Amino acid sequence: MRDLLPHIRQWYTDGDRLAVATVIDTFHSAPRQPGAAMAVSADGVAVGSVSGGCVEADVYEVAREVIRTGLPSVRRYGISDDDVFAVGLTCGGVIELLVQPVDRASFADFEAVADAVDSGRPVAVATVVTTGDHRLGQRLVIWPEGVAGSLGDPRLDAAVVEDAAGMLDQGATAIRYYGAQGECRRTDVAVFVEAFTPPPRMFVFGAIDFAVAMARVGKFLGYHVTVCDARGVFATRLRFPEADEVVVSWPHRFLAEALEQGQVDRRTVLCVLTHDPKFDVPLLEVALRTDAAYIGAMGSRRTHDDRLSRLRAVGVTEAELARLSSPVGLDLGARTPEETAISIAAEIIATRSDASGQPLSSTRGRIHSETADRAAAHHESRSLPSARSSQGTSLQPAAVR
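For clarity, every value in this text was computed on a predicted model and none was experimentally measured. (Residues numbered from 1 in each chain as written. Predicted model: local features only at pLDDT ≥ 70, side-chain atom pairs only at ≥ 80, totals over all residues. Heavy atoms only, no water.)

Enquirer: Could you give an account of the overall build of the protein, naming the residues involved and the relevant values?
Expert: Summing up its helical and strand segments, the protein has 11 helices and 16 strands in all. A total of 401 residues make up the protein; the buried ones form 48% of that total. Considering only contacts within the protein whose residues lie at least 6 apart along the sequence, 59% involve residues at least 24 apart. (Helix = DSSP H or I, 4+ residues; strand = E, 2+ residues; numbered from the N terminus. Buried < 20%, exposed > 50% of the residue type's maximum accessible area, 1.4 Å probe, protein only. Contact = heavy atoms within 4.5 Å.)

Pasting the structure below:
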């Protein structure tokens, strides 16, 4: 829903009721993951997508009905063996959607949520999605500093707050199941927790023409992009207008500082495009000992072999060297900076998804893998400080349940 916030905020500000359809669960080969959304305004304008075009026409009609009645609805779409002309996904998958009204009466905390997302502060929105439950559509908003709203039971609220804290840490969006009063290992109540975390970071080192293209592609993929180079004449805002930050500093020093400030985590991508030993070796010595999800370094195979020798000489272990993607990128026959940036981005996506990077025509099995959120283990319990809710009540999350 992040990309739709400008439209939703404008419609919300105008005072009209709108409807938001959000993917809350997927099965098999689904085209979009939980959190994908489509919004419909009071005057019938639609933005966003929940299936890539397969079911949008029907979802649009459901959204119009939700706007009319003000009542949320949960819908499931998939292939129908009984009626091949029924509304469904041609890819063979199944998606579940929550279609809910959004206006000042039904979602009083929306602007606070939108402000948090726009400013890069973490926030999660938990919504009851159990069909037939009188609480369907009730929301609880969770920030690191507190909560607002309620799901109808203080113990359920506390259990969801606890889980949402872990999901915010992981950047995970998924359904969680509870007992009616928040009990573990029960499935009476389904709660969709949509976690909005700051965008993952991409650090691009080396202010060369390839870095210009890489910064552009990184922004397109949703990363917070920082370009760093020790040469101030090249590391300029004029050359990198699409980067979020352009830093003039020795790369290894800057990365060490970013690490100390908590800016490097398991979602971070590091692209080392300098291919100069005086920059590469000290930088990679720091990089390979971080939790970064991807570390790629540009250079020829000869440069790569020389780089490995230099890194071994300063004490980098074989296990640490195994994390290095070098020469960087997939074998796409890339020549230009733009093509090279695409090959690097393709490798980043394949690494993140644990995919083969092979042509789909040469592989078997599902095209769209099951969401990683479903496999995430239950996060260790963690309490959050309470905050005054918009209704004037205070929710105190439990440390242990």
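Enquirer: Now, about the sheet that holds strand β10 (residues 189-196): what can you tell me, with residues and values included?
Expert: Reading across from one edge, β8-β7-β6-β10-β9 is the order of the 5 strands in this open sheet, with antiparallel pairing throughout. Unpaired on one side and paired on the other, β8 (146-149) and β9 (174-178) mark the two borders of the sheet. Neighbouring strand axes in the sheet, compared pairwise and without regard to direction, differ in orientation by 25 degrees on average. Where strand β7 (residues 139-143) and β8 come together, 4 bridges link them in antiparallel fashion. Counterpart to Val141 in the pairing with β8 is Ala148. Packed on one face of the sheet, helix α4 (residues 154-170) meets β6 (123-128), β7, β8, β9 and β10 and runs near 35 degrees to β10. (Pairing = 2+ DSSP bridges. Axes fitted to C-alpha atoms, helices over the stretch in contact; angles between N-to-C directions.)

Enquirer: With reference to specific residues and values, describe the packing of aromatic side chains.
Expert: Taken as a whole and assessed by the stated rule, the structure comprises 5 aromatic pairs. Ring geometry for Tyr12 against Phe110: centres 4.8 Å apart, planes inclined by 45 degrees, an arrangement best described as tilted. Remark: Phe110 occurs in helix α3 (residues 110-119) and Tyr12 occurs in helix α1 (residues 5-13); sequence separation between them is 98 residues. There is no split in this pair, since Tyr12 and Phe110 are both buried. Measuring from ring centre to ring centre gives 6.3 Å for Phe203 and Phe205, while their planes differ by 15 degrees; the resulting arrangement is stacked. A single burial state applies to Phe203 and to Phe205, both of which are buried. Among the aromatic residues, those joined into a ring-pair cluster are Tyr12, Phe107 and Phe110. (Phe/Tyr/Trp six-rings, centres within 6.5 Å; stacked < 30°, edge-to-face > 60°.)

Enquirer: Outline the pairing of β10, listing residues and values.
Expert: With 8 of its 8 residues buried, β10 lies for the most part within the structure. Along β10, one buried face is formed by Val189, Val191, Val193 and Ala195 and the opposite face, lined by Ala190, Phe192, Glu194 and Phe196, is buried too. Relative to β10, β6 is paired through 6 bridges, and the arrangement is antiparallel. Bridge pairing in β10 places Val128 opposite Val191. One ladder, built from 5 bridges, connects β9 with β10; its direction is antiparallel. Bridge pairing in β10 places Tyr177 opposite Ala190.

Enquirer: Give a description of the packing of helix α7 (residues 277-287) against helix α8 (residues 301-313) that names residues and reports values.
Expert: The interhelical angle for the contact between α7 and α8, taken along N-to-C directions, is 55 degrees, at an axis separation of 10 Å. Classified by the angle their axes make, α7 and α8 are oblique. For the crossing formed where α7 meets α8, the hand is right-handed. Residues Pro277, Asp280, Val281, Leu284 and Glu285 of α7 form the contact with α8, whose participating residues are Asp306, Arg307, Arg310 and Leu311. Taken together, the residues that form the contact of α7 with α8 break down as 4 nonpolar, no polar and 5 charged. (Parallel < 35°, antiparallel > 145°, perpendicular 65-115°, else oblique. Left-handed = near helix turned anticlockwise from the far one by under 90°. Nonpolar A, V, L, I, M, F, W, Y, C, P; charged D, E, K, R; others polar.)

Enquirer: Give me unusual backbone geometry: which residues, what numbers.
Expert: Pro327 follows Ser326 through a cis peptide bond whose omega is -10 degrees. With respect to the helices and strands, the residue Pro327 is situated in the loop between β16 (324-325) and α10 (337-353). We note that Arg185 has phi near 55 degrees; this positive angle belongs to a residue other than glycine. Mapped onto the fold, Arg185 is located in the loop between β9 and β10. Looking at Arg185, the relative accessible area reads 81%, which means it is exposed. Positive phi is not limited to glycine here, since Asp354 has a value of about 55 degrees. Residue placement: Asp354 occurs in the loop between α10 and α11 (372-375).

Enquirer: I'd love a proper account of the side chain of Thr22, names of residues and values included.
Expert: Looking at the element boundaries, Thr22 is found in strand β1 (residues 18-27). On the accessibility criterion, Thr22 (1% relative accessible area) is buried. When residues no more than four places from it in sequence are discounted, the contact partners of Thr22 are Gly35, Ala36, Ala37, Glu96, Leu97, Leu98, Gln100, Phe192 and Glu194.

Enquirer: Let's hear about the nonpolar core: which residues, and what values?
Expert: By size, the foremost hydrophobic cluster in this structure holds 25 residues, and its most contacted members are Met202, Val204, Met214, Val225, Leu273, Ile344 and Ile348. Counting residues per element, the ones that place at least two in this core are β11 (201-205), α5 (209-220), β12 (224-229), β14 (269-272) and α10. Broken down by element, this core gets its largest block of residues, 5 residues, from α5. Not counting chain neighbours up to four residues away, the residues in contact with Val225 comprise Met202, Val204, Ala215, Gly218, Lys219, Ala243, Asp244 and Glu245. Counting 24 residues, the second-largest nonpolar core is a separate cluster that includes Ile8, Val102, Ala116 and Phe196. (Core = buried A, V, L, I, M, F, W, Y, C linked by side-chain atoms within 4.5 Å.)

Enquirer: Residues and numbers for the confidence of the model for the protein, please.
Expert: Looking at the protein as a whole, the pLDDT averages 86, with 86% of positions reaching at least 70. Below a pLDDT of 50 lies the segment residues 80-85, which in the model reaches 1 contact outside its immediate sequence neighbourhood of four places, other chains included. Segment residues 370-401: pLDDT under 50, and 78 contacts once partners within four positions in sequence are set aside and those in other chains are kept. (pLDDT = per-residue confidence, 0-100.)

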